[in-house]
Amino acid sequence: MGNKQTIFTDEQLDAYQDCTYFTRKEILRLHGRYHELAPHLVPMDYTKEPDCKLPLALIVNMPELNENPFRNRIVESFSEDGLGNLSFNDFVDMFSVLSETASRELKAIYAFKIYDFNVDNFLCKEDLEKTLNRLTKEELTSEEVQLVCEKTIEEADLDGDHKLSYADFENMITRAPDFLSTFHIRI
Amino acid sequence: MAGNVGLSPHYLEAGLESPIDEEGVHDSFSQLIAEQSEDGPEFELQALARELDEEDRDYVNAYLTNPDQKPQGEVRQKPQGEVRRGRRDLDRDEEAEPLNQTAEKWSSATLRVLSSMPSRTIGRTRGAIISQYYNRTTELRMRRHSRPSIRDLHHSSRPSLRGYRVQSDSNETDGANEMKKQDNLVNNLQSLSVSDRDRMLRAMPLGVAAKSEIRRLVLCKEQISKAHGQIHCCSQLKFNVIIAARHAWYSWLSFLHSLQLWHVALKRVGGRFGTGVLSYFLFLKTLLFFNLFLFLVTGLFLVLPQAVHPPEPPPQGHLNFSGLELLTGRGYFSDSVMYYGYYSNYTLNGRSRMSGAPPNASADESASFESAPRGLSYNMPLAYFFTIGMAFFITCIILVYCMSKSFGQSFRVEKSHDMVAMKVFCSWDFKVIKKPSVALMSENISTQLKELLADVNRDHDNKTLGQKLCRLTVHCLAWSICIGSTMACALAVYYLADHMYNGRHLLAHINTMDPQLGGEASLLALPVGVSLINLLLPGLFNAAAWMEEYDSPSVRTYVAISRNLMLKMCLLGVLCYHWLGREAVESQALGQQCWESFVGQELYRFLLMDLVFTVLDTLFGEFLWRLFSEKVLKRSRRPVFDIARNVLELIYGQTLAWLGVLFSPLLPGVQIIKLLLLFYIKMGSVMLNCQAPRKPYRASQMTTIFITLLCFPAFLGASVCVTYTMWSISPSSSCGPFRGLKTMMQAGRLWVEQLERDTPSLAWLATAHAYLVENPLFLFVAAGIFLIVIYFHTQVVGGQRKIIDLLQEQIKNEGEDKKFLIMRLQSIHEKKRSPPRHSSSQDSAC
């Protein structure tokens, strides 16, 4: 109990609790995990809100992300600077969105960001190719990849601009019942 | 990209425009917009104008910074790579490429409008998010509270009709505007209730820092408004109570979280095998909670009072404990709180026990009620009756709730699972963290994608009539094999039970009361037989399914589930008939002491044998088979964990436990121990022996199906049996809380009569009881109402489904409309642009 008080103040914990899908205990556990990644960089005292960011390479080494083909994109989408440096707040954000109780819409927004490799607010063919190559570890031939891309865009594109905007993506996601359970990382 | 060289006159034309001319065109365009949209929503068009404005500036900039590079329109005419292009131009080319394919010639202006459409900026910029959530909170507030006066609000932040409108924020987001939006949002949040506010805050796609800033502002404002307005002491009190309640709620949540069972173990399984196998363990956990509830209820209200006031010890004294009792549940256990027979039929009270409870005649029964001293008394029969009844009732409610929730989650819209897009975006299981499993998963996904592509390319139904007939015959054959073997097994169980029953009575007549080891062990024959059937027949079914070659894996799973379910239901049906139809009715004629305890023991044995056989199956079927195939066959493939079969076994065991609660109140405790053991054994075995499943597994749908199965045949069957026993079978006359009564139901009636005699003012209760509980008409009416409610519910769900379909249709139509509008926009743009340069464009075209 005493230990808890030194890491965060009560208000901080309340704020975290109100703004994320985590309880106090989980926040503390998350801090533990974050601290574990770089014990010499991350302070144990967060009451003064220190400015501390961990680079992408460190975060990606977490066992939860290490084997994920989208690990770099996940970390980049949640980092404030877009380069993959995560502050503790970003870190909490990431796992809050990926937690079990996060809303479908929130998950959809971040999934869209993750799949949007070139950060142009659209999932275009280029993004889809990258996604597919990561999904299948480049086991499909390039013609097959082309075919799948075309088919995907044909199915999901509603406004005929031949790329998927967020609205298209969201509309498709709402029809996938399993999305909520698969877009989830237990921490 | 070289393909679009100079084919479209628009581009040519655009290419010849000088930046200065563009200005003029743009002005006229704004006029046009103003003309055309006098009564329309000017907002969008204003944005459009602003976009164009910006574009012009771009042109100028491009021109100024790079004088030798012609404006973008012309760039397109050049063969690619000739001119060094900035990132922006590159983007535009990319945007133009697909358009080229469809021959829809949109100018870059239109494209820019497109890319800043509200639906496309959601989740991108802070301002957009804030104003979106402002709209939502306003909507919510309007729904929850009285309507806020719209005049107070800033014009730009009035809620739009769609609720989804977002400020299409241009690049020059002025900080003041954003601050205003944020202020409005904070105001709205402040007026929401705490839970709504938290929900909104959590769902906002902003960083934690931004959210906690907003939260801080909200709290500040709250405090200021509190400090300003004179606070009544009662509202202060209310505030404090709310704060305290909130803290209590959080600590309760934390407590619940710390209770979270098996967090690490579940994470490991999920990380290695994905959602499918995980769902088995989650189901096991759910069952564990159900049993925990039952155990707590029966333990608290039945076992504990009875254990504190033990009845007269049986004449022959306690039997010695030998190891076999653990298996058979007899001997040492038979006269304990474990079984129905031990419970007394009188009112327990603090000081004196009612000595020598008269074994029969209800008159004596009521006498015992009367003589019970007032105060701390506990009417055991009544407690027994109501505890079991309430436990079943509450379980039923929880089950139905779980089921409806699960339905809501998984069956949003059907017939959409085999879309390529969904495969691409939703099939990756982010939980999986183990390297081999990840490799396997990507392999699976690529196979599935290939199959889907093949499906798309292949023409359907190229089978001949002969093939179809052949397949039909095979299906018929497989089904008849399955049904035949199930029937044979049911018959075998029936005769075995019959045989055991006769043998036991013969034995009882020949040598009275001489418990032999052989006799004890022979009791195990029936449970062993049934468990053996349960173990072996699914193998036969699998073989039949292998013969059939179903196309889709889901059909295969459903067929396997329905066959296994059929088997288990048949077996349980035969057993229930045997217990309730024969043991219960004929036992008294044959002078058996306490059939309820006997049935309880039987159920205990079944439960135990089920566990033993599951363990054996795990050992032989998974562990030894893995060793065999690795060492002898030198294959690297490991067995796959059969989720459906294992879940069905869990359901079977749970049905036994529910059936047995009445006869053996501690059976849920046994089931808890069994589930705990099972969890660790299965977990170890899965980790050690199995590999991730190859078939795709629609976890959420399957979970729904399993919960439904748990509710519909399992729980319903068990509760029908229990109700039947309570309602119409006469309990045995020499033991148990209901001895001497005609049915267990009478306990309630006697109590009511007693109450009526003691306090005449409660006479209405007796009438109510007579009409409501004892009259079957009331039950029928209640069941009818229940059915009607279910009917309405399904109708509502059906309606919602239709509405979803319609909405999907509407989304599609709106897409079409959007396309159309963009085309119009483009054509207006062209029309306005062409006249001044009509001649020049013609020149260039020549």
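Remember, predicted model here, so these are calculated numbers, not experimental data.

> Which parts of the structure should I look at to understand the overall build of chain A?
When helices and strands are counted, chain A shows twelve helices and two strands. In chain A, the order of α-helices and β-strands from amino to carboxyl end is α-α-α-β-α-α-α-β-α-α-α-α-α-α. Each principal axis of the C-alpha distribution contributes one length, and for chain A these read about 60 × 30 × 25 Å. Taken across its 187 residues, chain A has 63% of its residues classed as buried. Sequence separation of at least 24 residues holds for 56% of the intrachain contacts in chain A that already meet a minimum separation of 6. In the form shown here, chain A has an accessible surface area of approximately 7,000 Å², with 52% of it arising from carbon and sulfur atoms. Each charge sign in chain A was given a centre, from 20 positive and 36 negative side chains, and these centres are 5 Å apart.

> Help me understand the overall build of chain B in this model?
Summing up its helical and strand segments, chain B has 30 helices and two strands in all. Taking all 846 residues of chain B together, the buried fraction comes to 45%. Here the contacts in chain B between residues at least 6 apart in sequence split such that 80% fall between residues at least 24 apart. If you sum the accessible surface of chain B, you get close to 43,400 Å²; carbon and sulfur atoms cover 64% of it.

> Even after reading the chapter, I still don't get the interface of chain A and chain B, so can you show me in this structure?
A common way to report how large an interface is uses the accessible area buried once the components associate. Facing the 84 residues of chain A at the interface are 85 residues of chain B. Buried area between chain A and chain B, summed over both chains or domains, comes out near 7,400 Å², and the portion from carbon and sulfur atoms is 58%. With a shortest N-O distance of 2.7 Å, Arg-215 of chain B and Asp-18 of chain A are connected by a salt bridge. Along the contact surface separating chain A from chain B lie 13 residue pairs in polar contact (both at pLDDT 80 or more). Broken down by element, the residue count for the side of chain A that touches chain B peaks at eight residues, all from helix H8 (residues 104-115) of chain A.

> Explain the state of the cysteines to me, please; I cannot follow it from the model alone.
Working definition: the covalent bond between the sulfur atoms of two cysteines is a disulfide. Residues and elements named next belong to chain B. Per the stated rule, a full pass over the model turns up one disulfide over all chains. The disulfide bridge from Cys-594 ends at Cys-735, spanning 1.9 Å between sulfur atoms. One quick way to see it: the torsion about the S-S bond of Cys-594 and Cys-735 is about 95°, and its sign makes the bridge right-handed. Of this pair, Cys-594 sits in the loop between helix H22 (553-589) and helix H23 (595-631) while Cys-735 sits in the loop between helix H26 (699-728) and helix H27 (746-758), and the two are 141 residues apart along the sequence. Accessibility assignment for this pair places Cys-594 and Cys-735 in one class, buried. There is no disulfide at Cys-711, and the cysteine sulfur nearest it, in Cys-396, is 6.2 Å away. For Cys-711, a relative accessible area of 11% corresponds to the buried category.

> When you look at unusual backbone geometry in this model, what are you seeing that I'm missing?
Glycine aside, a negative phi is what most residues show, and trans is what most peptide bonds show. All names here are of chain A. Here the phi dihedral of Asn-121 falls at roughly 70°; this positive angle occurs in a residue that is not glycine. Tracing the backbone shows Asn-121 in the loop between H8 and helix H9 (125-136). On the basis of relative accessible area, Asn-121 is assigned to the buried category, the value being 18%. Although it is not a glycine, Lys-137 adopts a positive phi angle of roughly 55°. Mapped onto the fold, Lys-137 is located in the loop between H9 and helix H10 (142-156).

> Before we go on, may I ask you to explain helix H21 (residues 525-548) of chain B in this structure?
An α-helical segment advances 3.6 residues per turn. Residues three or four places apart therefore align on the same side. The end-to-end C-alpha separation of H21 of chain B is 35 Å, in line with the 34 Å expected for 24 residues at 1.5 Å each. Looking one or two residues past H21 of chain B, Glu-549 of chain B carries a phi angle of roughly 60°, positive in sign.

> Would you explain the packing of aromatic side chains in this entry?
The description of two aromatic rings rests on the distance between their centres and on the angle between their planes. Residues and elements named next belong to chain B. A complete count under the given rule lists 43 aromatic pairs over all chains for this structure. Ring geometry for Tyr-340 versus Phe-738: centroids 6.2 Å apart, planes at 25°, classification stacked. With Tyr-340 in the loop between helix H14 (325-328) and strand E1 (347-349) and Phe-738 in the loop between H26 and H27, this pair connects stretches of sequence that are 398 residues apart. Given the relative accessible area of 0%, Tyr-340 is considered buried.

> Honestly, a nonpolar patch on the surface in this entry has me stumped. Any pointers?
Taken together, the side chains of Leu-327, Val-612, Leu-616, Leu-619, Phe-620 and Leu-624 of chain B present a nonpolar region at the surface, about 450 Å² in accessible area. With five residues, the top contributor of residues to the nonpolar patch is H23 of chain B.

> Please clarify how the nonpolar core should be interpreted in this entry.
A general trend in soluble globular proteins is that nonpolar side chains are found buried together. All names here are of chain B. Among the nonpolar cores identified, the biggest contains 115 residues, and Tyr-280, Phe-281, Phe-283, Ile-388 and Trp-658 are the most heavily contacted of them. Of all the elements, helix H13 (residues 263-308) adds the most residues to this core, at 17 residues. Sequence-distant contacts of Tyr-280, that is, excluding residues within four places in its chain, are made with Phe-641, Ile-643, Asn-646, Val-647, Leu-650, Leu-678 and Lys-682.

> Help me out: how do you make sense of the packing of helix H6 (residues 71-78) of chain A against H8 of chain A in this one?
All names here are of chain A. Packing of H6 against H8 brings their axes to within 8 Å, and their N-to-C directions diverge by 120°. Considering the angle they form, H6 stands oblique to H8. Pair H6 / H8 crosses with right-handed handedness. For the pair formed by H6 and H8, the contact residues are Arg-73, Ile-74, Ser-77 and Phe-78 on the first element and Tyr-110, Lys-113 and Ile-114 on the second.

> Would you take a moment to explain the packing of H9 of chain A against H10 of chain A for this structure?
When two helices pack together, their arrangement is given by the angle between the helix axes and by the axis-to-axis distance. Residues and elements named next belong to chain A. It is at 10 Å that the axes of H9 and H10 come closest, and there the two elements cross at 120°. The angle between H9 and H10 places the two elements in the oblique class. H10 is crossed by H9, and the crossing has right-handed handedness. Contacts between H9 and H10 pair Lys-125, Leu-128, Glu-129, Leu-132 and Asn-133 from the former with Val-145, Gln-146, Val-148, Cys-149, Glu-150, Thr-152 and Ile-153 from the latter. Here the contact of H9 with H10 is composed, by residue class, of six nonpolar, three polar and three charged.

> Teacher, can you tell me more about the side chain of Thr-298 of chain B here?
In this structure, Thr-298 of chain B sits in helix H13. The exposure class assigned to Thr-298 of chain B is buried, which follows from its relative accessible area of 0%.

> Would you mind showing me how to read the environment of Gly-389 of chain B here?
Residue position: Gly-389 of chain B is located in helix H16 (residues 380-410). Taking C-alpha positions, Gly-389 of chain B is 9.2 Å from Val-722 of chain B, a pair spaced 333 residues apart along the chain.

> How should I be thinking about the pattern of salt bridges in this particular structure?
Side chains that differ in charge, positive against negative, can pair when their charged atoms come close. Residue and element names in this part refer to chain B. A full pass over the atoms with the stated rule returns 21 salt bridges over all chains. The partner of Asp-610 in a salt bridge is Lys-674, and the shortest N-O contact between them spans 2.9 Å. Of the two residues, Asp-610 sits in helix H23 while Lys-674 sits in helix H25 (residues 667-689), which places them 64 residues apart along the sequence. With a shortest N-O distance of 3.7 Å, Glu-753 and Arg-749 are connected by a salt bridge.

> Help me understand the confidence of the model for chain B, please; the structure alone is not making it clear to me.
Close inspection of predicted coordinates is inappropriate in any region flagged by low pLDDT. Residues and elements named next belong to chain B. On average, residues of chain B score 73 in pLDDT, and 70% of them are at 70 or above. Segment residues 51-104 is flagged for pLDDT under 50; beyond a separation of four residues in sequence, or across chains, it makes 76 contacts in the model. With pLDDT under 50 throughout, residues 146-173 is counted as low confidence; its partners more than four residues away or in other chains account for 52 contacts. Here the predicted complex scores 0.71 on pTM and 0.89 on ipTM.

Calculation criteria
Residues numbered from 1 in each chain as written. Chains lettered and ligands numbered in written order. Predicted model: local features only at pLDDT ≥ 70, side-chain atom pairs only at ≥ 80, totals over all residues. Heavy atoms only, no water. Helix = DSSP H or I, 4+ residues; strand = E, 2+ residues; numbered from the N terminus. Buried < 20%, exposed > 50% of the residue type's maximum accessible area, 1.4 Å probe, protein only. Contact = heavy atoms within 4.5 Å. Areas by Shrake-Rupley, 256 points an atom, 1.4 Å probe, with all protein chains shown as cover. Lys, Arg positive; Asp, Glu negative; His and termini not counted. Charge placed at Lys NZ, Arg CZ, Asp CG, Glu CD. Buried area = accessible area lost by both parts, 1.4 Å probe. Salt bridge = Lys/Arg side-chain N within 4 Å of Asp/Glu carboxyl O. Polar contact = N/O pair within 3.5 Å; in protein donor to acceptor, adjacent residues only side chain to side chain. Disulfide = S-S within 2.5 Å. Expected span 1.5 Å × (residues − 1). Phe/Tyr/Trp six-rings, centres within 6.5 Å; stacked < 30°, edge-to-face > 60°. Patch = residues over 30% accessible without salt bridge, like charges linked within 9 Å, V, L, I, M, F, W, Y side chains within 5 Å. Core = buried A, V, L, I, M, F, W, Y, C linked by side-chain atoms within 4.5 Å. Axes fitted to C-alpha atoms, helices over the stretch in contact; angles between N-to-C directions. Parallel < 35°, antiparallel > 145°, perpendicular 65-115°, else oblique. Left-handed = near helix turned anticlockwise from the far one by under 90°. Nonpolar A, V, L, I, M, F, W, Y, C, P; charged D, E, K, R; others polar. pLDDT = per-residue confidence, 0-100.

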